[in-house]
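Listed below are the residues making up each chain.
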Amino acid sequence: MKYLSYLALGILFGITLIKSEVASWFRIFEMFQFKNFHMYGVIGSAVVLGAIATFILKKQNTFSGEAVTIKSKAKGFKNYLFGGIIFGLGWALGGACPGPMYALLGSGFISIIVLLCGAVLGAFTFGLIKHKLPF
């Protein structure tokens, strides 16, 4: 039953991505050309909502009766810079980030399978070379 609720939430999330046009290649293309505020508004509201949720969790220090601890990340510059560039290039070239890829597949865009295979290959490659990267 627990996994069924996760599936239902995933389907709801996918429908939201499709209906809000966040998964639209055209909207993503407009964002990278700085022609429209739509995607920046969605991303900005997600950041604000995440910050508020994190603040509330830190104050309450509990989630479903379990203590919540948020570990500080190590300071870094190169890892965030290069990781962001690689992620951004993949997003710009592919036209979708990981969440909307599954929503697009569920919407019937079969060609997204090529992008999904590339994402899996990229994650696999990262796993192979992770020990050589600066952490």
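Refer to the structure above for everything that follows.
The structure presented is a predicted model; accordingly, all values stated were derived computationally and were not measured.

**With respect to the packing of aromatic side chains**
Counted by the stated rule, this structure contains 2 aromatic pairs. Arranged with centres 6.2 Å apart and planes meeting at 0°, the rings of phenylalanine 34 and tyrosine 40 form a pair that is stacked. For phenylalanine 34, a relative accessible area of 69% puts it in the exposed group. With a relative accessible area of 33%, tyrosine 40 lands in the partly exposed category.

**Thoughts on the pattern of salt bridges**
Inspection of every chain in the model, using the stated rule, returns 2 salt bridges. The salt bridge partner of glutamate 21 is arginine 27, with a shortest N-O separation of 2.7 Å. Here glutamate 30 makes a salt bridge to arginine 27, at a shortest N to O gap of 3.4 Å. Taken together, the positions of glutamate 30 and arginine 27, both in helix α2 (residues 25-32) and 3 residues apart, correspond to about one turn of that helix.

**Digging into the packing of helix α5 (residues 98-106) against helix α6 (residues 112-129)**
Between α5 and α6, whose axes approach to 9 Å, the crossing angle comes to 150°. Considering the angle they form, α5 stands roughly antiparallel to α6. When the axes of α5 and α6 are compared, the crossing they make is left-handed. Facing Met101, Tyr102, Leu104 and Leu105 of α5, the residues of α6 in contact are Ile112, Ile113, Leu115, Leu116 and Ala119.

**Some words on the nonpolar core**
Formed by Leu17, Val22, Ile28, Met31, Met39, Trp91 and Ala103, the largest nonpolar core amounts to 7 residues. When residues no more than four places from it in sequence are discounted, the contact partners of valine 22 are Leu17, Ile28, Met39 and Val42. Membership of the second largest hydrophobic core comes to 6 residues, among which are Ala23, Ala96, Met101 and Leu116.

Cut-offs used in this document
Residues numbered from 1 in each chain as written. Predicted model: local features only at pLDDT ≥ 70, side-chain atom pairs only at ≥ 80, totals over all residues. Heavy atoms only, no water. Phe/Tyr/Trp six-rings, centres within 6.5 Å; stacked < 30°, edge-to-face > 60°. Buried < 20%, exposed > 50% of the residue type's maximum accessible area, 1.4 Å probe, protein only. Salt bridge = Lys/Arg side-chain N within 4 Å of Asp/Glu carboxyl O. Helix = DSSP H or I, 4+ residues; strand = E, 2+ residues; numbered from the N terminus. Axes fitted to C-alpha atoms, helices over the stretch in contact; angles between N-to-C directions. Parallel < 35°, antiparallel > 145°, perpendicular 65-115°, else oblique. Left-handed = near helix turned anticlockwise from the far one by under 90°. Contact = heavy atoms within 4.5 Å. Core = buried A, V, L, I, M, F, W, Y, C linked by side-chain atoms within 4.5 Å.

By themselves, these observations are geometric and do not establish any function.
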